[in-house]
Amino acid sequence: MKKVVVKPQATGTIRALLGERKLVIGLLVGFALLSVAYNRSSEIMYAGELIRHQASPLSDPSVSPLYLEFPTNSTLSDTDASGAPAEPEQAPKPPEDAAKEALEAEPALLEDPVTEEQSRDDCAQALGVPKVALLFLAKENIWLHESWRLWFQSASGVLPLRSLQKHGCSRSTVTLPEACRGRGVLASTEVAEEDIIAQQSLFSVFVHVPPEVDETKIAPLFRNHVLPRRTMAKWGSMRLVYAARLLMHEAFKDPANQRFLLVSESDLPLFDPVTMHYQAISESLSRISACPSSSVDRYRWNKRLKSAVLKTSHWRKASQWFLLTREHARVVLGDTHVYRQFEKYCYPGYDPSVHRTRSCYGDEHYMPTLLAVHGLQQSENCDVRGVAAAEWRGGAHPVTYKTADLEPDLIHQIRTKYDQCPVEETRAIARRAYLTYERDEPDREWDCGLLAPQYYPIMDPLCSLTMRKVSNESASHVAETLFRRSCANGLGLIAPALCDAGPEAD
C-alpha cells in the first residue's frame, strides 16, 4: 500500500484553513448570541417607550413682554446646538397594523389659514377684546358640561379694562356698546343653555368629536360649537394632530382669537375665567418647548423623516396639550411639508419598509419640531410642560381621577406645585384688570383717565391652567364640590352669585 506523505508546507496550510473555519463559526455563534440579547433589550426598550408616552421636562423658561413682534417669514435652520440624534437600531417585529394603517390612510386635507374681516363676536369686535379659543378635542360627549356651564356663566358681563379704555370711554363714564349689553352672571342664568357661551366675550369654543358621534347627543352647552368637518382621531396617530389642526383652522378665522388652548373632554379649568384669560393673554410665547435638548427620545427619529427642510437636528418633543399664540398658530396652519413627512413616517408600530419598530407619536413631536424648523422658541419656555396638569404613575396614559380624589385640596396642590405660581397674587391682579357688570348697568363710573392695567404674566408658564383626567362618574360631584362650593372652599372657580353657600371669594 502506497504511503501518503504530507509535506510540512501542506500541513501548515490545512491547519490554517481549519483555524479560519473555527474562527468563522465562532464569529457566527457570537453574532447570533448578540442578536438574541439585543432583540430582548429592544423588546424592553419598546415596552418602556410605550410606558413613557408623555412629554419630558426640559430647561429654564423665560417670559417676554406682551405683543412681542414675531417674524412673519421665518428662515429655516439646518442645524442647532442639539447635534444629530442617534439613529435607532432594529427592534423585534410587533404587529404590522399600525404601519399598514399609516401607509394606506388617505392624506389629511390641509387648508391654508383664513381670517375673516370681522369677529363673529360683535361685542369683542366693538371693543377689540383679545379672546382665548378653547379647542375641545374630545373622544365623545363632554361630560363635565355642568362645571363648564357654571364657569362660562361666570365670564358673562366681564370685559378687560384695556379694551374699554380704548373703545368705550367717554370722559369718566364707561359706555358699553350695544352688542355688549344685556349680559351678566345673573342674566346668563336666564338664557337657554346652548346660548350661554355666546353671553361672554373672553373665550371662544370649538369642539371636535369623532364623525360617528351623534351631535344631538352632545350636551346643549357645546352642541352649537361642534366642527362641521371632523376626522377619526386615534391615539398615537397623526390624525390626533389633524383634529387639532381642524380646530385651530376654524378658530383662526375669527381675528379676535389671539390664543389657542387645547383641552379634552376630561379636563377642568384650574382658575376662574378672569384669571385664566388674564394669564393666557399675558403670555407672549406659546406653551410648547422647541428648545434643543438631550431628552427628546432620539431613538424615535426615523431617517425617512429627513428632507431638504426637516433635519435630524430639528427633532423635538413636548406636551400635546398646548397654548399657541396666533402667530404660531399661523405657522402650524401654513405648514404642509413637515406634516406630510410626519403623516407618512411617524407612528407607533412595526414598519415593514425599514424592518424595524418605530415609536413615534406625532402629537408629541410634530408641533415643537415644526417650530424648530422655523427657528422659533429655541431658547424660551424650555421648561414648559404645556397647559394641563396630569399625574403619571407609569403606563401610557395619566391617572384618571376618581370621585374620592377630587377634593379642594387636590386643586390647591396642583395650583401651588411650583414656587413660581403665586395664585392669590395673580387672581387679585387679574380682578383689577377687568370690569364686571350686569345687564341693568349699561354705563359704569370709572375714571377713564386712569391707565388700565397692562397684561403682564404673574405666574410662570410652568403653572398649569387646566387639569386632567377627570372620570365621567365624577362629573356631578365635581360640579357640586369644586365649583358650586368654590366660594366656601377658597377655590373661587366661579362667580359668587353662582355659589351655593359660604363667604364670597375675595
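The text that follows walks through the structure, step by step, so that each part is easy to find. (Residues numbered from 1 in each chain as written. Predicted model: local features only at pLDDT ≥ 70, side-chain atom pairs only at ≥ 80, totals over all residues. Heavy atoms only, no water.)

This part takes up the packing of helix α11 (residues 337–345) against helix α12 (residues 362–373). As a packed pair, α11 and α12 sit with axes 10 Å apart at the nearest point and diverge in direction by 150 degrees. In terms of their interaxial angle, α11 and α12 are classed as roughly antiparallel. Here α11 runs over α12; the crossing is right-handed. Residue-level inspection shows V338, Y339 and F342 of α11 in contact with α12, the latter providing G362, H365, Y366, T369, L370 and V373. Of the residues contributing to the contact of α11 with α12, the split by class is six nonpolar, three polar and no charged. (Axes fitted to C-alpha atoms, helices over the stretch in contact; angles between N-to-C directions. Helix = DSSP H or I, 4+ residues; strand = E, 2+ residues; numbered from the N terminus. Parallel < 35°, antiparallel > 145°, perpendicular 65-115°, else oblique. Left-handed = near helix turned anticlockwise from the far one by under 90°. Contact = heavy atoms within 4.5 Å. Nonpolar A, V, L, I, M, F, W, Y, C, P; charged D, E, K, R; others polar.)

Here we come to helix α4 (residues 145–153). Most of α4 sits inside the fold, with seven of its nine residues counted as buried. Restricting attention to buried positions, one finds in α4 the residues S147, W148, R149, L150, W151, F152 and Q153. (Buried < 20%, exposed > 50% of the residue type's maximum accessible area, 1.4 Å probe, protein only.)

A few words on the packing of helix α8 (residues 238–252) against α11. Where α8 meets α11, the closest approach of the two axes is 9 Å, and the angle between their N-to-C directions is 150 degrees. The orientation of α8 with respect to α11, classified from their angle, is roughly antiparallel. Along the contact surface, α8 presents M238, V241, Y242 and R245, while α11 presents Y339, F342 and E343.

In the structure shown here, the tally under the stated rule is 18 salt bridges. The shortest N-O distance in the salt bridge between D267 and R468 comes to 3.1 Å. One end of the pair, D267, is in the loop between β6 (257–264) and β7 (268–269); the other, R468, is in the loop between β14 (466–467) and α15 (475–484), with 201 residues separating them in the sequence. Residue class for R468 comes out buried when judged on its relative accessible area of 10%. Via salt bridges that share partners, E116, R120, E250 and K253 belong to a single interconnected network. (Salt bridge = Lys/Arg side-chain N within 4 Å of Asp/Glu carboxyl O.)

Strand pairing in a sheet relies on backbone hydrogen bonds, with the paired strands running either antiparallel or parallel. Across the sheet, which stays open at both edges, the three strands sit in the order β7-β14-β11 with mixed pairing between neighbours. With one partner strand each, in any of the chains shown, β7 and β11 (388–389) form the two edges of the open sheet. The pairing of β11 with β14 spans two bridges and is classified as parallel. If you follow A388 over to β14, its bridge partner there is T466. (Pairing = 2+ DSSP bridges.)

A separate point is the side chain of S188. For S188, the position within the fold is in helix α6 (residues 185–188). Discounting chain neighbours no more than four positions away, the residues touching S188 are Q153, S156, I196 and Q199.

Scanning all chains against the criterion turns up twelve aromatic pairs. Here W151 and F152 contribute two aromatic rings whose centre-to-centre distance is 5.3 Å and whose plane-to-plane angle is 80 degrees, an arrangement assigned as edge-to-face. Across the pair, exposure class does not vary: W151 and F152 are buried alike. With a centroid separation of 6.1 Å and an interplanar angle of 50 degrees, the aromatic rings of Y278 and Y455 are classed as tilted. One end of the pair, Y278, is in helix α9 (residues 273–282); the other, Y455, is in the loop between β13 (443–445) and β14, and 177 residues separate them in sequence. Pair check on accessibility: Y278 and Y455 agree, each one buried. An aromatic cluster is present here, built from F136, W148, W151, F152, F203 and F222 joined pairwise through their rings. Stacked on the ring of Y339, the Lys or Arg R245 has its end atom at 5.2 Å from the ring centre. In this arrangement the basic side chain of R326 is found over the ring face of F252, its NZ or CZ atom lying 3.8 Å from the centre. (Phe/Tyr/Trp six-rings, centres within 6.5 Å; stacked < 30°, edge-to-face > 60°. Lys NZ or Arg CZ within 6 Å of the ring centre and 35° of its normal.)

Here the focus is the pairing of strand β10 (residues 356–359). Residues of β10 alternate between two faces, with R356 and R358 on one and T357 and S359 on the opposite face, all of them buried. As judged from the four bridges shared by strand β9 (residues 348–351) and β10, these two strands associate in the antiparallel manner. Its bridge partner being in β10, Y350 is matched across the sheet by T357.

Scope: geometric values only; no functional claims are made or implied.
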